[in-house]
Amino acid sequence: MTKVAFLGLGVMGYPMAGHLKNKGGHDVTVYNRTAAKVEKWVGQYGGHGASTPKAAADGQDFVMCCVGNDNDLREVMLGPNGAFHGLKKGAVFVDHTTASAGIARELYAEAKQRGFDFIDAPVSGGQAGAENGVLTVMCGGEAEVFARAEKVIAAYARMCKLLGGAGAGQLTKMVNQICIAGLVQGLSEGIHFAKRAGLDIEAVIETISKGAAQSWQMENRYKTMAADKFDFGFAVDWMRKDLSICIDEARKNGATLPVAALVDQFYAEVQKMGGRRWDTSSLIARLDR
């Protein structure tokens, strides 16, 4: 049993913290800005609740975090009651937030200065992956620290890998989102075309999914896309946040992302259609309107 805190009980963090308690068998303390979420989690899983990030982090061996963006991270880590003020020397902070590589490097340096360690570890797999404990975790940091953290992360991960130094986890998550954006747009256009051509969507996908066109998106989203149902995963608002991080980083490193930038604008159209909380497969909605 390890003493672990989890900060942020959103759609991802809530089940991830639950796996730490039930599957990992750890002594878990949770914090969330909305106290009702903390009470609900403790009622469901046991463990402990804390009223501030600092109180949650106090005395813990590991502190996990999954919040919204760079600004949320700075507040939760470095604010007046931030977790960095409560962490003991030698502890490990694991950040599962999808954020910029810059904030990862900034927090890594701050952690080192304070005598504890930091791993940036954004995740992929969505709400279902979190609930089923099969997330993919992309990590940046030091090998020795990662080796310690990996044993705790294993409670909710199917794949966990160290990709390089501080920020490498966030950069890898950007690659993930760039690839997904193009895949979903391609699948949307394919299904849209098949509809207009009068083809049997089920028969078409059954056939082409056995060849080079196959993808996770095709296997898991084509039916709901064809049925105009978009309540099955990662929200458009969050995808736009992630793509903005990708595009900003590309400006810094000189990468060219014409498709990602175009798909980002398509998602902006989906938002204007009222699809801010639709899942990312809703790109097809702007084609079918």
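Conventions adopted
- Residues numbered from 1 in each chain as written.
- Predicted model: local features only at pLDDT ≥ 70, side-chain atom pairs only at ≥ 80, totals over all residues.
- Heavy atoms only, no water.
- Buried < 20%, exposed > 50% of the residue type's maximum accessible area, 1.4 Å probe, protein only.
- Helix = DSSP H or I, 4+ residues; strand = E, 2+ residues; numbered from the N terminus.
- Pairing = 2+ DSSP bridges.
- Core = buried A, V, L, I, M, F, W, Y, C linked by side-chain atoms within 4.5 Å.
- Contact = heavy atoms within 4.5 Å.
- Salt bridge = Lys/Arg side-chain N within 4 Å of Asp/Glu carboxyl O.

## Some points on the pairing of strand β1 (residues 3–7)
Burial analysis of β1 places four of its five residues in the buried class, the great majority of the element. Two strands pair when backbone bridges link them, and β1 and strand β2 (residues 27–31) are joined in this way by five bridges, in the parallel orientation. Residue pairing for β2: valine 4 is matched across the bridge by valine 28. Across four bridges, the pairing between β1 and strand β4 (residues 62–65) is parallel. Directly across from leucine 7, in β4, lies its bridge partner cysteine 65.

## So, the nonpolar core
Ranked by size, the top nonpolar core spans 34 residues in total, and within it Phe6, Met64, Val137, Ile153 and Tyr156 carry the most contacts. With five residues, the top contributor of residues to this core is helix α7 (residues 143–153). Those residues in contact with methionine 64 that lie beyond four places of it in its chain are Val4, Ala5, Phe6, Leu7, Val94, His96, Val152, Ile153 and Tyr156. If you look at the next biggest cluster of nonpolar residues, it comprises 23 residues, including Ala57, Phe84, Leu107 and Ala111.

## A few points about the pattern of salt bridges
Applying the stated criterion across every chain, the model contains 18 salt bridges. Here arginine 148 and glutamate 144 are joined by a salt bridge, their closest N and O atoms 2.9 Å apart. Within this pair, arginine 148 and its partner glutamate 144 are both found in helix α7, separated by four residues, close to a single helical turn. Of the residues examined, arginine 148 reaches a relative accessible area of 29% and is grouped as partly exposed. Across the pair arginine 289 and glutamate 269 runs a salt bridge, and its minimum N-O distance is 2.7 Å. Here arginine 289 is found in the segment after α13 (283–288), whereas its partner glutamate 269 is found in helix α12 (residues 258–272), with 20 residues between them in sequence.

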